[in-house]
Structure formats: C-alpha cells, structure tokens
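Next come the chains, spelled out residue by residue.
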Amino acid sequence: MTSTATALSRASRHTTPPDRRKLADNITGWTFAGPATLIILGFSLVPMAWALALSFTDSDLMSPGRNVGLENYRALVADPVFHQALRNTALLLFLYLPASLVAGLAVAVLLNRKVRGIGFYRTCFLVPYVASATAAGLLMGYIFDRDFGLFNGMLVKLGLPAQGLLSSPSQAMLVLTVIFFWTRFGFSVVIYLAALQEISKEVVEAAAIDGAGRWATFRHVIVPSVRHMTVFLAVWGMIDVLQFFDLVMTTTKGGPANATVTIVYYVWQLAFTYFTAGYGAAVAYVLFAGTLVLIVAGLLLARRKGAMR
Amino acid sequence: MRRAVTAAAAALLLPAALTACGGDGTQQRAGGPVEILMWHGQEDTSAKSIERLVATYNQTHTDVKVQITSGGVTADGMLPKITAALTSDAHPDIAYLYGSWAPNIARNPKTADLTPYIKDPAVKWDDFWAGERATVTVGGKVIGFPAVVDNMVVLYNKKLLAKAGLEPPSKDWTWDDFRAMSKRATDAQKGVFGTTWPISGGEEAVWGLWPLVWQAGGEILTADNKKAAFNSEAGRRSLDLLRAMAVDDKSVYLDSSPAEKGQKLFESGRLAFFLSGPWVLPDLQAAGVDYGVVQLPGTAGNHETISGPDTWTVFEHDERRVKASAAFLAWLTAPEQQLQWMKDTGSLPIRASISQQPGYGDYLKKYPGIDVISGNLANAKRVRPPTTSYPRISSFVADAIARTLLGRADAKSALDEAAAKTDAALAVPGS
Amino acid sequence: MRRRRLPSGWHLVLAPMSLVTVLPFVWMVLSSLMTQAELNRFPPPIWPDAVDLGGYQRVLEGSDFPRWFLNSVLVSGAIVVAQVVLCGMAGYAFARIRFVGSRLVLVLVIATALIPFQLTVIPTFLIFNKVGLTDTLGALIVPQLSSAVGIYLMTSFFQSFPKELEEAGRIDGCSRFAVFFRVVLPVAKPALAALAVITFITAWNDLFWPLVVINSEAKYTVQVGLTTFQGQHRADWPAVMAGTVLTTLPVLGVFLFGQRRFIQALTGAVKG
C-alpha cells in the first residue's frame, strides 16, 4: 500500500498514444477491480449509512426511534463503561501489537536457519493460528481457570502463588491478551519468515565481513529489510485488535466487572442486550473514526520514515 | 438461490399434492390450511419433544399447519435473530423468547395482540400461574403464551455433605445455615467448594440475588419503576452474605465463564450446593450425581424464590396467521400436551390443572426432586420489574456483584454506585 | 557457518517454546479420547487411561455433523475460489493499472475493514432478506466473495511483482487480460495459494454471521454446530472435545499442507 503511488506512476510506460492508452487502462482497471470492490463496498456502504442514521436516534431496533441529534455522542463522554472499553481495547492494542511484532520477528529469526527438525518447530508455532474462537475459548477457559486451571496448577507446583487470572478484574484482560497472542502470533512469524527468506545471504555475510556483530546485523540489515512487512502486520494487527469480539464472547462475556469489555463487544451489548442500538451505533462510529485516524497516521509515519532512508 | 429453487419446485408440486388430498390447491388463502412458522430455540431432548408434539398437532389438525425449526440458535441467542428478522419482515409467527425481553419486544409494532383470543373460555387463561400471565401481558396487551416456568432452588450433593459431617438441609434452613454449611463443606486442598456464583457480567450473575433481597424485605425498583430500591438495607444484607462467603470464608467458586462451569463442577462432585433450576435435573441424572433438592435458604422464615417465565411470543403477518398461532399455542399449552412435554424434559407445570392429569404421578417419579421445585412455585411471588431498562440495570448490578464478591468493594458502596447508574438510566424518557 | 552444524543449542530454545504453543491442542486431542468419568475429575488428567472413542461416536450419532461438515466445505471452498480470482484481479489492477478513482476506491475498501460487523449485521441481514437469501448457504458465501484484506494482500504482492515479465508479454502484443491470465497468474500462484489458505481459515472459523443468518439445522456450518452442540452437551465433555477436534482438523490439514507454499508465497508479497 505504501508504494501505491510509485507503482502507479511506473505502470504507464507504453508506446500507444496517451489518450487511447488511458481509456484502455480505465476500462481494464475497472473490469479487474470492479467486481471485488463492488461486493465489498455494496455490503458496507449501505449498512454504514444505515448505522450512521441510527446513531442519531434512540432506536432499540424494536420500535422506530426518535431523533436525538448528537445526544448519543454526547452521552459517550460521561459513560464509564465506554471509557473502560476504551481502556481495555487500548491495553490490548499496546500489549499485543509490539509483542506480536517483536516476538514474531525474533521467532522468525530463530526459525530461519537450517537446523534439523526446523520444519517441525515451524509447524508448532503456526498451528494455533487455525484455532477458532470457539475452540480457543473452550481450551483456554480450562487452562486459565483460577481454581482448577492447569496454569495455576503449575504455578503452585513451582511454589509460586496462584493468580486470579480470568476471575480477576485486573488480570482477565491480560489473560485474554495472552490467548489472543497465542492464536495470532503464528501469523506474524510466517510473514516475517517469508520476509527473512528474501534477504540475500550475501548482504548478511557482507555485513559480517565488515565486522558488524550479530546485533548490529540484526539492527541495521534485518530490521530495515522487513520494514514493509512490519507496516503490513501493524495495520493488520490493529484491525484485528479493534475487532476483538469472538474470544470475549467465548471466554468471559465481558466480565468480571466489565474488565474484558472491548469496544466492539460493548457495541454488541448495547445493540442486543440493552436495547440501545442507537447509542451502540454512535460507539461504533467513534471506533471507526478513531481507527481510521490511527491507521492513516501510522501509514503516513511509515512512509515518511521510509522516505528518509 | 436455493430457496428460490425450492419455492419454485414447491409451487409446481404442491397444487398436485393438495388436489389429491381434496384441497383447493392454494396455501394461505381462505379455505386452505394456514401455515405458520415457529422458532423453538430448544436443545436436544426438548427439541425432540417439541418436534413430536408439533407433528401430532399437524396430524390431528387440518386447518393449521405448523412448521418448526430451532431458529438456528438456542434460547440465549434468540434476541439478535428475532431483531434482525423483525427489521426485515422475515420473522416467524411464534418464537421462544425470555420473559425478561418482553417489555422491549412488545414495543415492536409487529408483536401481535392476543387479548381477544385468550378470552376464549376453552383457553382457560386463568389456569396459568399469575406470574406467567403478568410476564406476557405488557401494557394491557397479551403478546404470547407462557412456555416454560422455572424457579430457583438449591441442589445439594448428598455425598459431599455426608463427608463433611453435615445433615442435608431442612426446608426451613436459614442464610446462616447456608453460610456455615458451605464453609464446612469447603476443602481448598481437594478443590471442593461450598457453592458457586457467576461473575461473568450477565443476568445469570444477578437473578440469584433478587430472591435474597425480597426475602429480606427489599425491592428491586420503587413501585413506580422510576428509581433503584435494591441498595436498601435488605439489598446490602443480601449481597453481604454472599461477600462474606466468597471473601471471608472462601467457600464460593467464582465462575467467570459463560460456559456455566458451575454445573460441571457440581456434577463432578466439587460443589456442595448449587443454586439452579429444574432444567439441570436430566443432566444430573445422566452424570449420576446423588443429589437432593431444597428450597432457598430463608431469612425470618421467608423462603421467597425467583422464577423466570419464558414465552411463546407471537408476531404478526396477517390476522389469520395470528389467529392460527393462538389456536396452536392454546393446544400446545393445554394440560395433556404439557404433561407430555414435562415428562420428556423435566420442566415444571405451567398451569395449575396439570397436577390433576392422570399421568402426573409418573412425571414426579421420573424426576426425583421435581416435587420440591414444583412446590417451590408457591414461593415465587414477585417478578423482575417489567421495564425496558431492566437489561441495562442488570448489567450495573452484575458489575456490583462481581466487584463485591472479588473483594474489590463493600456491598453498600457497590450497590449505591449501581443504584446511581440505575436512576440515571431510568430517568431517560421513554424507558 | 560451522556453528550451525551443532544444533543442540537451538533445540534447547525452540523445543520448550513450541511445546507451550501446541500443548493446548495436544490436550484437546487427548481429552477427546477420555471417558466422561476421567474428564469429570477436576482438574482433568493429562493422559487418558485408555483410548476411548465414545466421544466421537456420540458426536457423529447425536448430531448432524457430517452434514455441517459438508456445508462448511462447500461454503469455505466457494469463498476461497471467489476470493482468489476476484481479489487477485483487483490487487493486480490496483498495483499495476492506472485508472480513475483507483486510489480513492482502494482507501475506501481498506477502511471498510474497520467497521464493526456487530453493528452492521442488521442492515446486512436486511439486504439478504430482500433478495431471499436468508437461511441459505448462499448468504454465507456472498458477503465473503471478496475481502478488503485479500485485496490489500494482493495489491501488496503485485506491487513487488517483477515488471519485466509483463513487459515481455506486452511486447509480444498480448492484451492486458492475456498478460494477466497467461503470464502473471501462473507466476503469482504461490501468492494466491497464501490468500487461499488465509481465506479458508477465516471462512471455516466464521461464527458470528452464520449464527445470525442461518435458521435451520440442515444449513449449519461446523462452527454453528459446535456452538450449539456445546450448549446442549454441557455435561458430555469428551463429546464436546471430540467435536472441537473434528472442526479443527480440516483447517489444520489445509494449513499444514499449504504451509510451505504459504511461506513461499508471502515471500513475494514482502517487498514494496
């Protein structure tokens, strides 16, 4: 995405007269991109417009709501659960995103070598990625149970104090982050692994000959070469985090004491548990606008950094 | 697409089939049978039971044909589905919906008004328990029939109590007995707890508190449903009992999972007491637990309980279908059919006259303890406030309960905070 | 280089780490082979005393599992094929062809990935009901015929795709279409395979939308089936675990099978 502009400017080297070429490109371009984008936009623009209209009403989805103007958006400011949902989501974002990038790259570096049985290890790291939320929730609910879980069982065996885990308002979101990390981390590893395999051995060896230590090679050769993938993973990870829903549904339902209510889970509760869909739509829109700003800012930052190199 | 094909095929084939039976070949027109669709939301044995009943109905009635599906979800997941369906005019004629949703559901203009039909003396409307009738009557409009009624009792594990040197609780046991026995039965080393309480943040965490509040002389809301009343002395005492058990005695397993681990623990002999309802009896029998049933512990001789009536709510397509739905539900909820349903599923009688049915004794024999639960219906005197804001209020109280039981707040301040939020929610006009 | 001949050091790091990541799966499989009595011990044991297939038997007999399985295969398969073709084409166009509105549309498409579906589910349902698709497998396929993520991935990939190949084709006088189908697609196979794997996993594990739009048991996907099955057989844990294993295995198989290709493929999508 970051180089869409350059790709576009390079794409039109040709010999035919510019006008005809342009028309032909427009037709081909739209023929190629049309069906896929039409499906996506068709299924999102209409619902989005609907939701926007809903956010200005007090609709409960049962009766036609009254128009309340910006009342829903104003109510957000003072809503403690919304604030908590924001905090929970932010916590997940700030823990998960760096962790998945750093650990993903680290493990990818570990796996990117010719050691006997490396394929087996690689498989092990990738396997959790296929777990559905239903399966992950079921398994992890057992492992991280406060009183009967395997995790606390192990702590106690090691002579460490048992933790509150999913039953503790201060730990439940951390545990969910770990579970989420477990299911998603393999994806970062694969992506980085792919990127690492692109770096030619000569470059790495040249750096070594120049006297660069392992860390310096990592810092100055490897990290910059996978930058494009880091941007990709960051955007993807952010979308993933902000849509974090299924695991909450299958492990804690937002409890205890709202400790694991994320923004999308709150949207769901507002619309389908509390009968306040208009308000839920406002929350969704704030989330949408916020994410858009974050991602655009992130991409601009990445591009500027890239340009400076 | 597939549906279009099926519809086309049906359009071609049906007339022939119906003509052969002497019909006039048209559905949904005067003269032919009225077709209605029902989403039952039942699981496993209950689903099979209701399907059998519907098949019987279709065999014995020519004027109404009932089509039945689960609706694709269990009762818990029915609300989003029915909401989507109502918005799109894709709603079934009858759906299985929790009573606590009724005030909100009734606001939908497509919710039918059965008032004229239940006046038919053959329906014997007054034979249903009063609480059930109140639940399906919203603002003077009857939106459906009672489907299932339950109430909260205490199930106890006989073996665990004996091991702890305890006698089974008598029916006039008190809060203090409950606390003391739970503490005695707890064995942290072996992972045995006195009882369990959900802290996942849903209504499952809340509804068990209300009977205690009622017993202590409290109410959930003020009589006009405009303000919170649960933060009274009665409320504080009730929540403080649970707090003392969970925090001081550590005799409560706090269940943070929506998968209802509590029941699982009771089945595997890890809980002495389990507050639940009749629906778990078949599971307990399957798991081979030696259990007993007793009414809730009381205070000052009051053993009031809570009941959560579920409904068969009717939605409008046209008047004929509403009429047909009412006729079918009147049949389904009649004593003969209900007894069959009760025998299959272990549900409680939804109307008084069922106990005079000839097969009633077999039913009691089949589900040991059901007589206690059935008798406990007399202790179900009050219902949760029929306000559209209840789901929201419930979430405030769930939060207060979780924080108190985890030792993060004391009962009084947690309830006061929930009450302040409740008052704010109730102050919103139209709620 | 010589260091790598002595792998033992890395095994010490990699073995425990990979063990931790797969342990939950191993335990899932093991517990599906236990008897109810064993699993009723709390906490449940790690190893089954003996292999017991009762859980699997009860899943297969007590539910319509094979049917749901078939539904999931149909739905996921159709989605994979559609996305590979449609997102592949769109990605190519966004990366390589200059056409009016392409940048705006691309940004819009990516922005749609940020809309919480928990909210738009109602209007989406409304649309499907209008065209009579609710409670059909079609309703599960159509919204996923194309995806923002797929387009994003393919656009990234084609941006790094060697231009020389296409240009060679172009000089031979082929049209864009011909170049795309004859020259570009065969070389892009690994990237499309990667998209296919990701799409398959997403489609197979989708739960939320099927729960809303499917009403009848004959049209359940395995995930919907598993969820209701869990609800119904709360007491029968070996069966619940067996059901979980059965729903996870196919996707695991696809993933393991496609793994090498997957990594290869993404290798192409890296540069930019």
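Residues numbered from 1 in each chain as written. Chains lettered and ligands numbered in written order. Predicted model: local features only at pLDDT ≥ 70, side-chain atom pairs only at ≥ 80, totals over all residues. Heavy atoms only, no water.

Looking only at helices and strands, chain C features 13 helices and zero strands. For chain C, the succession of helices and strands along the chain, N to C, is α-α-α-α-α-α-α-α-α-α-α-α-α. Put simply, chain C has 272 residues, and 61% of those count as buried. Across chain C, the fraction of contacts at a sequence separation of at least 24, relative to all contacts at a separation of at least 6, is 72%. (Helix = DSSP H or I, 4+ residues; strand = E, 2+ residues; numbered from the N terminus. Buried < 20%, exposed > 50% of the residue type's maximum accessible area, 1.4 Å probe, protein only. Contact = heavy atoms within 4.5 Å.)

Attention now moves to the confidence of the model for chain A. Looking at chain A, the pLDDT average stands at 82 and 93% of residues meet or exceed 70. Every residue in residues 1-15 of chain A scores below 50 in pLDDT, and together they form 33 contacts with partners more than four places removed in sequence or on other chains. (pLDDT = per-residue confidence, 0-100.)

To continue, consider the environment of Ile118 of chain B. All names here are of chain B. Along the polypeptide, Ile118 turns up in helix α5 (residues 115-118). For Ile118, a relative accessible area of 10% puts it in the buried group. Once the C-alpha coordinates of Ile118 and Trp129 are considered, the two residues, 11 residues apart in sequence, prove to be 14 Å apart. Ile118 has contacts with Val123, Trp125, Val142 and Phe145, leaving out every residue within four places of it along the chain.

As a further point, take a negative patch on the surface. All names here are of chain B. Taken together, the side chains of Asp113, Glu316, Asp318 and Glu319 present a region of like negative charge at the surface. With respect to the helices and strands, the residue Glu319 is situated in helix α14 (residues 319-332). A relative accessible area of 47% means that Glu319 is categorised as partly exposed. (Patch = residues over 30% accessible without salt bridge, like charges linked within 9 Å, V, L, I, M, F, W, Y side chains within 5 Å. Areas by Shrake-Rupley, 256 points an atom, 1.4 Å probe, with all protein chains shown as cover. Salt bridge = Lys/Arg side-chain N within 4 Å of Asp/Glu carboxyl O. Lys, Arg positive; Asp, Glu negative; His and termini not counted. Charge placed at Lys NZ, Arg CZ, Asp CG, Glu CD.)

Bringing a nonpolar patch on the surface into the picture now. Together, Leu45 of chain A together with Leu104 and Leu108 of chain C give the surface a local cluster of nonpolar side chains, amounting to about 270 Å² of exposed area. Within the secondary structure, Leu108 of chain C is located in helix α5 (residues 102-112). Looking at Leu108 of chain C, the relative accessible area reads 33%, which means it is partly exposed.

It is worth spelling out the interface of chain A and chain C at this point. Facing the 94 residues of chain A at the interface are 101 residues of chain C. Here chain A meets chain C over a buried area of about 9500 Å², counting both sides, of which 76% is carbon and sulfur. Our count for the contact surface shared by chain A and chain C stands at zero salt bridges. With 23 residues, the top contributor of residues to the side of chain A that touches chain C is helix α2 (residues 18-54) of chain A. (Buried area = accessible area lost by both parts, 1.4 Å probe.)

So, on to the sheet that holds strand β7 (residues 153-157) of chain B. Residues and elements named next belong to chain B. Judged by pairing direction, the sheet is antiparallel, and its three strands sit side by side in the order β10-β7-β11 without closing on themselves. If you trace the sheet from one side to the other, it starts and ends with β10 (273-276) and β11 (291-294), each paired once. Geometrically, the sheet is characterised by an average inter-axis angle of 30° between neighbouring strands, direction not taken into account. Where β7 meets β11, four bridges bridge the pair, whose relative direction is antiparallel. Within β11, the position partnered with Tyr156 by the bridge is Gly292. (Pairing = 2+ DSSP bridges. Axes fitted to C-alpha atoms, helices over the stretch in contact; angles between N-to-C directions.)

Bringing helix α11 (residues 227-242) of chain A into the picture now. For α11 of chain A, built from 16 residues, the straight-helix expectation of 22 Å at 1.5 Å per residue is met to within 8% by its first-to-last C-alpha distance of 22 Å. Counting buried residues along α11 of chain A, 13 of its 16 residues qualify, which places the element largely inside the surrounding structure. (Expected span 1.5 Å × (residues − 1).)

Residues and elements named next belong to chain B. Taking 1.5 Å of rise per residue, the 17 residues of helix α19 (residues 411-427) would be expected to cover 24 Å, and the 24 Å separating its terminal C-alpha atoms lies within 8% of that figure. Among the residues of α19, Ala411, Ala414, Leu415, Ala418, Ala419, Thr422, Ala425 and Leu426 are the ones counted as buried. Viewed along the axis of α19, the buried residues span an arc of 135°, placing them on a single side of the element. Looking at the buried residues of α19, the elements they touch are α11 (233-248) and α18 (390-405). (Arc of directions from axis to C-beta.)

Residue placement: Lys119 of chain B occurs in the loop between α5 and α6 (130-136). Taking C-alpha positions, Lys119 of chain B is 40 Å from Gln285 of chain B, a pair spaced 166 residues apart along the chain.

Summed over the entire model, instances satisfying the criterion amount to 13 cavities of 30 Å³ or more. Its boundaries defined by the atoms lining it, the largest cavity holds a volume of some 1600 Å³. Sort the elements by how many residues they give to the lining of the largest cavity and helix α10 (residues 176-205) of chain C lands first, with six residues. Looking at the lining of the largest cavity residue by residue, the classes come out as 28 nonpolar, 16 polar and four charged. When residues are assigned to domains, the lining of the largest cavity turns out to be shared by domain 1 (2-43) and domain 2 (79-134 + 172-275) of chain A, each giving three or more. (1 Å grid on protein atoms, 1.4 Å probe; cavity = no way out; pocket = protein on both sides within 12 Å on 5 of 7 lines; lining within 4 Å. Points joined across faces, edges and corners; volume = space filled by probe spheres on them. Nonpolar A, V, L, I, M, F, W, Y, C, P; charged D, E, K, R; others polar. Domains from an automatic or database assignment.)

Before going further, it helps to spend a moment on the UniProt feature "transmembrane region" (unreviewed entry) in chain A. All names here are of chain A. As annotated by UniProt and renumbered to match this structure, "transmembrane region" (unreviewed entry) occupies residues 30-53, 90-111, 123-144, 173-195, 226-245 and 282-302. Between the first and last C-alpha atoms of residues 30-53 the distance is 30 Å; the span itself is 100% helix and 0% strand. For residues 123-144, the end-to-end C-alpha separation is 24 Å, with 68% helix and 0% strand making up the annotated structure. (UniProt positions renumbered as here; feature names shortened; annotations may be inferred.)

Turning to the UniProt feature "domain: ABC transmembrane type-1" (unreviewed entry) in chain A, a few remarks are in order. The UniProt record annotates "domain: ABC transmembrane type-1" (unreviewed entry) at residues 86-300 of chain A. For residues 86-300 of chain A, helix accounts for 73% and strand for 0%, while the C-alpha atoms at its two ends are 24 Å apart.

It is worth spelling out the environment of Trp312 of chain B at this point. Residues and elements named next belong to chain B. Along the chain, Trp312 falls in strand β12 (residues 310-314). With a relative accessible area of 2%, Trp312 lands in the buried category. Counting along the chain gives 78 residues from Trp312 to Ala234, while the straight-line C-alpha distance between them is 34 Å.

To continue, consider the confidence of the model for chain C. Residue and element names in this part refer to chain C. Per-residue pLDDT for chain C has a mean of 80; in total, 86% of the residues score no lower than 70. At the low end of the mean pLDDT range in chain C sits helix α9 (residues 163-171), at 69; at the high end sits helix α7 (residues 137-141), at 92. Taken over the whole predicted complex, pTM reads 0.85, whereas the ipTM for its chain interfaces reads 0.81.

A separate point is the nonpolar core. The biggest cluster of nonpolar side chains holds 184 residues, and the ones touching the most others in it are Leu111, Phe232, Tyr266 and Val283 of chain A together with Ile151 and Phe158 of chain C. Split by domain, this core shows at least three residues from each of two domains, domain 1 (2-43) and domain 2 (79-134 + 172-275) of chain A. When sequence neighbours within four positions are dropped, the list of residues in contact with Phe232 of chain A reads Phe187 and Ile191 of chain A together with Tyr152 and Leu153 of chain C. Within the second largest apolar cluster, 61 residues are counted, among which are Tyr117, Phe328, Trp341 and Tyr360 of chain B. (Core = buried A, V, L, I, M, F, W, Y, C linked by side-chain atoms within 4.5 Å.)

All right, on to the packing of α11 of chain A against helix α8 (residues 148-159) of chain C then. Where α11 of chain A meets α8 of chain C, the closest approach of the two axes is 12 Å, and the angle between their N-to-C directions is 175°. The orientation of α11 of chain A with respect to α8 of chain C, classified from their angle, is roughly antiparallel. Only Val149, Tyr152, Leu153 and Ser156 of chain C of α8 of chain C make contact with α11 of chain A, whose side of the interface consists of His228, Phe232, Val235 and Trp236 of chain A. When grouped by side-chain class, the residues that make up the contact of α11 of chain A with α8 of chain C number six nonpolar, two polar and no charged. (Parallel < 35°, antiparallel > 145°, perpendicular 65-115°, else oblique.)

A few words on the packing of aromatic side chains. This model, assessed by the stated rule, comprises 53 aromatic pairs over all chains. Grouped by ring-pair contacts, the aromatic residues Phe43, Phe245, Tyr265, Trp268 and Phe272 of chain A together with Phe117, Phe128, Phe208 and Trp209 of chain C constitute a single cluster. The ring of Phe128 of chain B carries Arg351 of chain B above its face, with NZ or CZ at 4.2 Å from the centroid. (Phe/Tyr/Trp six-rings, centres within 6.5 Å; stacked < 30°, edge-to-face > 60°. Lys NZ or Arg CZ within 6 Å of the ring centre and 35° of its normal.)

Attention now moves to the UniProt feature "transmembrane region" (unreviewed entry) in chain C. Residue and element names in this part refer to chain C. Under the present numbering, the feature "transmembrane region" (unreviewed entry) in UniProt falls on residues 12-34, 68-92, 104-128, 140-158, 179-204 and 237-257. Summarising residues 68-92: 100% helix, 0% strand, and an end-to-end C-alpha distance of 35 Å. For residues 179-204, the helix share is 100%, the strand share is 0%, and the end-to-end C-alpha distance is 33 Å.

Glancing now at the interface of chain A and chain B. Where the parts come together, the accessible area they lose is often given as the size of the interface. Every contact between the two is made by 36 residues of chain A and, on the other side, 35 residues of chain B. Between chain A and chain B, roughly 2900 Å² of surface is buried when both sides are summed, and carbon and sulfur atoms account for 60% of that area. In this structure, the connection of chain A to chain B is made through two salt bridges. Two residues, Asp60 of chain A and Arg107 of chain B, come together in a salt bridge whose shortest N-O distance is 3.3 Å. Inspection of the chain A/chain B interface yields five residue pairs in polar contact (both at pLDDT 80 or more). Counting residues per element, the ones that place at least two in the side of chain A that touches chain B are α4 (80-111), α6 (133-143), α12 (246-251) and α13 (263-272) of chain A. The leading source of residues in the side of chain A that touches chain B is α13 of chain A, at four residues. For the side of chain A that touches chain B, the residue count by class is 17 nonpolar, 12 polar and seven charged. (Polar contact = N/O pair within 3.5 Å; in protein donor to acceptor, adjacent residues only side chain to side chain.)

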